[in-house]
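Breakdown of the fold
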Amino acid sequence: MVQLSASTCLLGGLLGLLLLVPVLTTPTPPGLCTALKTLNGSLTHRRRYMKHNFPINYTIRVHYEEVFRLSNISRLKLKVEGLEELVLQRLWFQVNQGVLKKIIRVLPERHPSRPYTAELESRFRDAEGVFVQAHPPEVFQQELPDSIQDLWDRLTEEPDRVPESSWRYASPKYLLDNFRRTMQCLFTDCFASTDAHDDYCAIAHWRKGRKKLLQPES
Ligand SMILES: *[C@@H]1O[C@H](CO)[C@@H](O)[C@H](O)[C@H]1NC(C)=O
Ligand SMILES: *[C@@H]1O[C@H](CO)[C@@H](O)[C@H](O)[C@H]1NC(C)=O
Ligand SMILES: *[C@@H]1O[C@H](CO)[C@@H](O)[C@H](O)[C@H]1NC(C)=O
């Protein structure tokens, strides 16, 4: 079917070159940046609403994969050849939709953090809507690389089919810290500062995401 010609060889060569770049990036649509910056603004208040309004050391149960940190992103970039940034962005939305849902679930109707969390979720949904609108539908039907698909399947597994050892306990604040850090890394062009040294995906930002993760209770 494919007729080998000079131009396909050239194309192959170009694709080969692209594969040397660990992650294929595309510019973030401007509308999405606006939505994500609004979200970033809301996240500024996370200490007050996600820490001070909760009992000390309060944790919630989340999927193992919902503890999604910068180190997980770099590991996936290394592990999956030619991984598209867009795939990681889709994963980010999937992960954090679950995180927000789990935080809301533990908040009684009159909890002082309830309105804040509801607003956060609504802004998150807005951003997700813009994200979906900004890409052709085929993008979302594309097959995912195997290891990403495995992650995805575990994230969307029915809770009662998840073995006890596959849950983690993490504080709401910790989850939102990671939410924000990974957002700034994966949508880097929305958050890039003029300071070239401030790479949001860089190792220097990792260690901040390590505290306060507890093993599942036995
Ligand atoms: C994101 O929020 C922080 C405050 O938490 C702020 O300093 C920063 O400028 C915001 N970034 C953007 C791009 O809006
Ligand atoms: C909270 O966790 C820290 C560190 O694990 C511990 O030292 C402290 O005693 C805990 N505080 C309460 C009130 O449980
Ligand atoms: C995320 O990274 C941590 C260590 O940084 C690791 O223990 C965990 O298994 C990773 N999670 C996934 C889903 O790969």
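Please read these numbers as outputs of a predicted model, since none were measured by experiment. (Residues numbered from 1 in each chain as written. Chains lettered and ligands numbered in written order. Predicted model: local features only at pLDDT ≥ 70, side-chain atom pairs only at ≥ 80, totals over all residues. Heavy atoms only, no water.)

A look at the packing of aromatic side chains
Under the defined criterion, the tally for this structure stands at 12 aromatic pairs. Between F131 and F187 the ring centres are 6.5 Å apart and the planes differ by 85 degrees, which places this aromatic pair in the edge-to-face class. Taken together, the residues span a long stretch of sequence, with F131 in helix α6 (residues 114–133) and F187 in the loop between α9 (172–186) and α10 (188–191) at a distance of 56 residues. Taken as a pair, F131 and F187 share a single burial class, namely buried. The lysine or arginine in question, R61, covers the ring of W167, its NZ or CZ lying 3.9 Å from the ring centre. (Phe/Tyr/Trp six-rings, centres within 6.5 Å; stacked < 30°, edge-to-face > 60°. Helix = DSSP H or I, 4+ residues; strand = E, 2+ residues; numbered from the N terminus. Buried < 20%, exposed > 50% of the residue type's maximum accessible area, 1.4 Å probe, protein only. Lys NZ or Arg CZ within 6 Å of the ring centre and 35° of its normal.)

Brief notes about the site of ligand 1
The environment of ligand 1 is made up of K37, N40, T44, R180, C190 and F191. T44 places a side-chain nitrogen or oxygen 3.1 Å from an oxygen atom of ligand 1. Notes on ligand 1: free accessible area 360 Å², of which the protein chains cover 51%. Among the secondary structure elements, those contributing two or more residues to the shell around ligand 1 are α2 (30–43) and α10. Here the residues of the shell around ligand 1 sort into two nonpolar, two polar and two charged. (Near = heavy atom within 4 Å. Polar contact = N/O pair within 3.5 Å; in protein donor to acceptor, adjacent residues only side chain to side chain. Areas by Shrake-Rupley, 256 points an atom, 1.4 Å probe, with all protein chains shown as cover. Nonpolar A, V, L, I, M, F, W, Y, C, P; charged D, E, K, R; others polar.)

Overview of unusual backbone geometry
A positive phi is found at N57, a non-glycine position, where the angle reads about 60 degrees. Note that N57 resides in the loop between α3 (46–52) and β2 (60–63).

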